[in-house]
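Close look at the chain arrangement
Okay, here's what each chain looks like letter by letter:
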Amino acid sequence: MLHYIGRRFLQLIPVLLGMTFIVFLIIRAIPGDPAQMILGQQATKESVEALRENLGLNNPWYIQYFDYLKGLLTGDLGVSIRTNQPISTEIWPYLAATFELAFFAMFIAVVIGMNAGIISAWFQNTWFDYLAMVIALIGVSVPVFWLGLLEQWLFSINLGWFPTSGREEVRDPIMAITHFYLIDTLIQGRYDQFGTVVKHLILPGMALATIPMAIIARMTRSSMLEVMRSDYIRTARAKGQKMFIVVYKHALKNAIIPILTVIGLQTGLLLGGAILTETIFSWPGIGRYIYEAIGFRDYPVIQSGILVVAFLFVIINFIVDILYSFIDKRIKYN
Amino acid sequence: MLLEVKGLETTFFTNDGKIPAVDHIDFKVYEGEILGIVGESGCGKSVTSLSIMGLVPNPPGKITSGEILLEGKDLTKLSEKEMRKIRGKDIAMIFQEPMTSLNPLYTIGNQLIEAIRIHNKWDKKKAANHAIEMMKLVGLRRAEELMKEYPHQLSGGMRQRVMIAMALACNPKLVIADEPTTALDVTIQAQIMKLMQDLNKKFNSAVLLITHDLGVVAEICERVIVMYSGQIVEEAPVMEIFKNPSHPYTRGLIQSVPDMREKKETLYSIPGAVPKPGSIKVGCRFAPRCEFARERCFNENPPIYDVSANHKARCFLLEKGEGTVYDKRAVES
Ligand SMILES: Nc1ncnc2c1ncn2[C@@H]1O[C@H](COP(=O)(O)OP(=O)(O)OP(=O)(O)O)[C@@H](O)[C@H]1O
Ligand code: SF4
Ligand SMILES: [Mg+2]
């Protein structure tokens, strides 16, 4: 098992390297001189030239790339032009906010999506199946942006059930420890604040969860239907086992691998979707961080922000891969 | 009498219309006996056994009429919950495909213990001991180690032994074995059949053995039922059926059994294939392939005739009970 994880990890290295290179290239390909941007239009030629030298922009590209990699390996993500703070320290609260929203959304998507898919497969061609699949069909094609605005209009402006935006009450700010507010409020025993954190999470969480939930439901259904036809399912029933256990023990474990793949991929994509949702709901996450950096042409932040999101995407898929081999003992033999 | 099937009809409702895969069949299984059901592929053997288990895939299939009486209790009237108490406990089943009949993601031990604990309120330890004991009984060596292994680590023959151990684990009154050796090597086939025969004696569970191999039937069954296109066409004690096959189809089947002693160049095979159940609406379903068919056979449904006390067959040649197929031909030619 360790051997397998090690091998998969080694395979990860070229992927991560390639990614850093692509991000590096894209940022370089944006027209305009970063030094000029940093100093502004009024800066003298000499000062711009001095800064270029200072930032290493006059070196050949491979030296620049190498320096950049060296920085990454020591955990140096650069310095924000806007705030003049190291990005590696500045980025955490934003990342934590995104993680919290993404986990919450994924939790909803997995719990509801998988169960809807399982029950649809179990009761194939019944009204539940039809209804769930129609909803899922609408769910995959609904634009997140539109859904977010609709939710805001209905549940927050009209019904007033949930706050329109943000992570916390302005009147009652949360004392950050880990920056995961669900955890922070619990550590401090502020159960009232915990409640408001959940309330803030629900609308952006639902908006973000909709597409993955629909895709997970559909994938779960088709994967379960395939498995439910298997001989070993018939064997389990022939033993006199309850249908619930046949479905949730025997069938689900066999159906789970394609579902996990989809969950992994969707978690990655969700990080991207979070950027849109964060904008609608003024969620102070990594999406907002990058979005604002673009407004300020804060190149180091854009570069590192994108890189961090891309890294997460790859790491999540790596974890999913490792999970497979825990579930299916045959995998490491292949 | 252990099991009595009366007028059982199981229909599949498909896009091509209604298919009566099992078409009003009647038979009995007595305590502790081995009853064979033979017939070519598609004649409804598996559907018959799934009907008894209450496991006909629904949709599209359904028992549309008849009774299945287990010690007098009609299984077709039971709720799913009541039926669950019977499956694995009173009636157990062994399937054709040992390679796919065990869940690939659970250990052998897990699946055996599960089967035992569904019907016995035992703790895991006791169930595990019983599982190991059962595995030894079916001739599996290293039983303790096998408990921790996954199905893909076992050969087909070993897996089928595991399936047999599982089927017998709760000491059922009836074991339905649906072509238990078809997917196995010839040498393993013989071993498994021998094992089934030994276990039948030891546990006194009745066995309903489904096969298309009359050789196997001759060796281990006491009585045999011949099915053709969803119907029973002949039923008799094994000795009797080989001595005096009374339905032309049975005779064809017997002729197509390879005989080791005679070195025949070509093996006899019945021309044509089993018609899809329901495709022949009038007349004898075997008529298109029958060398004795006459006009009447295409226009009327042959009823079941008594050949002797416990020997029945569905063929017009038996009308008035005069002799057998062979005699008839002699008379006519
Ligand atoms: N799931 C199904 N859907 C539709 N029709 C079916 C289904 N299962 C069985 N049938 C019908 O029932 C008939 C009998 O099938 P069955 O599996 O009982 O044959 P069998 O005698 O067991 O053959 P084999 O020796 O190949 O196992 C088939 O010819 C088919 O027309
Ligand atoms: S009834 Fe006619 S067709 Fe059918 S088996 Fe007898 S002789 Fe052949
Ligand atoms: Mg079959």
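Rules and cut-offs
Residues numbered from 1 in each chain as written. Chains lettered and ligands numbered in written order. Predicted model: local features only at pLDDT ≥ 70, side-chain atom pairs only at ≥ 80, totals over all residues. Heavy atoms only, no water. Helix = DSSP H or I, 4+ residues; strand = E, 2+ residues; numbered from the N terminus. Rg over C-alpha atoms; globule rule 2.2 N^0.38 Å. Buried < 20%, exposed > 50% of the residue type's maximum accessible area, 1.4 Å probe, protein only. Areas by Shrake-Rupley, 256 points an atom, 1.4 Å probe, with all protein chains shown as cover. Patch = residues over 30% accessible without salt bridge, like charges linked within 9 Å, V, L, I, M, F, W, Y side chains within 5 Å. Salt bridge = Lys/Arg side-chain N within 4 Å of Asp/Glu carboxyl O. UniProt positions renumbered as here; feature names shortened; annotations may be inferred. Near = heavy atom within 4 Å. Polar contact = N/O pair within 3.5 Å; in protein donor to acceptor, adjacent residues only side chain to side chain. Nonpolar A, V, L, I, M, F, W, Y, C, P; charged D, E, K, R; others polar. Domains from an automatic or database assignment. Contact = heavy atoms within 4.5 Å. Buried area = accessible area lost by both parts, 1.4 Å probe. Axes fitted to C-alpha atoms, helices over the stretch in contact; angles between N-to-C directions. Parallel < 35°, antiparallel > 145°, perpendicular 65-115°, else oblique. Left-handed = near helix turned anticlockwise from the far one by under 90°. pLDDT = per-residue confidence, 0-100.

1. Quick notes on the overall build of chain B
Counting its secondary structure elements, chain B contains 12 helices and 12 strands. The C-alpha atoms of chain B give a radius of gyration of 21 Å, which matches the 20 Å a tight globule of 333 residues would have. Overall size of chain B, expressed as C-alpha extent along the three principal axes, is 70 × 50 × 40 Å. Considering chain B as a whole, with its 333 residues, one finds that 56% of them fall into the buried category. Surface exposure of chain B reaches about 15,300 Å², of which carbon and sulfur atoms provide 52%.

2. Section: a nonpolar patch on the surface
Judged by side-chain polarity, Trp146(A), Leu150(A), Trp153(A), Leu154(A), Ile157(A), Leu159(A) and Trp161(A) come together as a nonpolar surface patch covering roughly 740 Å² of accessible area. With respect to the helices and strands, the residue Ile157(A) is situated in helix H7 (residues 144–158).

3. Remarks on the UniProt feature "domain: ABC transmembrane type-1" (unreviewed entry) in chain A
Within this numbering scheme, the UniProt entry marks residues 95–324 of chain A as carrying the feature "domain: ABC transmembrane type-1" (unreviewed entry). What you have in residues 95–324 of chain A is 80% helix and 0% strand, and the ends, taken at the C-alpha atoms, are 27 Å apart.

4. Here we look at the site of ligand 1
Residue and element names in this part refer to chain B. Around ligand 1 lies a shell of 17 residues, among which Ser41, Gly42, Ser46, Val47 and Glu179 are the nearest. Within the side chain of serine 41, a nitrogen or oxygen atom sits 2.4 Å from an oxygen atom of ligand 1. Side-chain polar atom of lysine 45 to an oxygen atom of ligand 1: 2.9 Å apart, as the coordinates give it. In isolation ligand 1 offers 630 Å² of accessible surface; the protein chains occlude 72% of this area. Contributions of two or more residues to the shell around ligand 1 are made by strand E1 (3–14), strand E2 (17–29) and helix H1 (45–53). Ranked by residue count, the leading element in the shell around ligand 1 is H1, at three residues. Looking at the shell around ligand 1 residue by residue, the classes come out as seven nonpolar, seven polar and three charged.

5. As for the domain arrangement of chain B
Residue and element names in this part refer to chain B. Along its sequence, chain B is carved into domain 1 (3–221) and domain 2 (228–332). Summarising the inter-unit geometry, the C-alpha centres of domain 1 and domain 2 are found 28 Å apart. Listed as interface residues are 20 residues of domain 1 and, on the opposing side, 18 residues of domain 2. Summed over both partners, the interface of domain 1 with domain 2 buries about 1,500 Å², with 63% contributed by carbon and sulfur atoms. The three residues of domain 1 that bury the most area against domain 2 are Asp23, Glu40 and Leu214, which together make up 37% of that side's buried surface. At the boundary of domain 1 and domain 2, one finds two salt bridges. On the surface where domain 1 and domain 2 come into contact, there are five residue pairs in polar contact (both at pLDDT 80 or more). When contributions to the side of domain 1 that touches domain 2 are tallied by element, the ones reaching two or more residues are E2 and helix H8 (214–220). Broken down by element, the side of domain 1 that touches domain 2 gets its largest block of residues, eight residues, from E2. Within the side of domain 1 that touches domain 2, the residues separate by chemical class into 12 nonpolar, four polar and four charged.

6. A short note on the environment of Phe95(B)
Mapped onto the secondary structure, Phe95(B) falls in the loop between strand E6 (91–94) and helix H3 (108–119). Look at Phe95(B) and you get buried, because its relative accessible area is 1%. Measuring from C-alpha to C-alpha, the distance between Phe95(B) and Met163(B) comes to 8.0 Å, with 68 residues separating the pair along the chain. Among residues more than four places away in sequence, those in contact with Phe95(B) are Arg234(A), Thr235(A), Ala238(A), Leu50(B), Ser101(B), Gln160(B), Met163(B), Asp178(B) and Pro180(B).

7. Regarding the packing of H7(A) against helix H11 (residues 243–280) of chain A
All names here are of chain A. For the pair H7 and H11, the least separation of the axes is 10 Å and the interaxial angle reads 30 degrees. By the criterion of interaxial angle, the relationship of H7 to H11 is roughly parallel. When the axes of H7 and H11 are compared, the crossing they make is right-handed. On the side of H7, the interface is formed by Val144, Phe145, Gly148, Leu149 and Gln152, while H11 contributes Leu276, Thr277 and Ile280. A class-by-class count of the residues in the contact of H7 with H11 yields five nonpolar, three polar and no charged.

8. Concerning the confidence of the model for chain A
Across chain A, the average pLDDT comes to 87, with 98% of residues at or above 70. Mean pLDDT values over the elements of chain A span from 76, in helix H2 (residues 34–39) of chain A, up to 94, in helix H10 (residues 231–238) of chain A.

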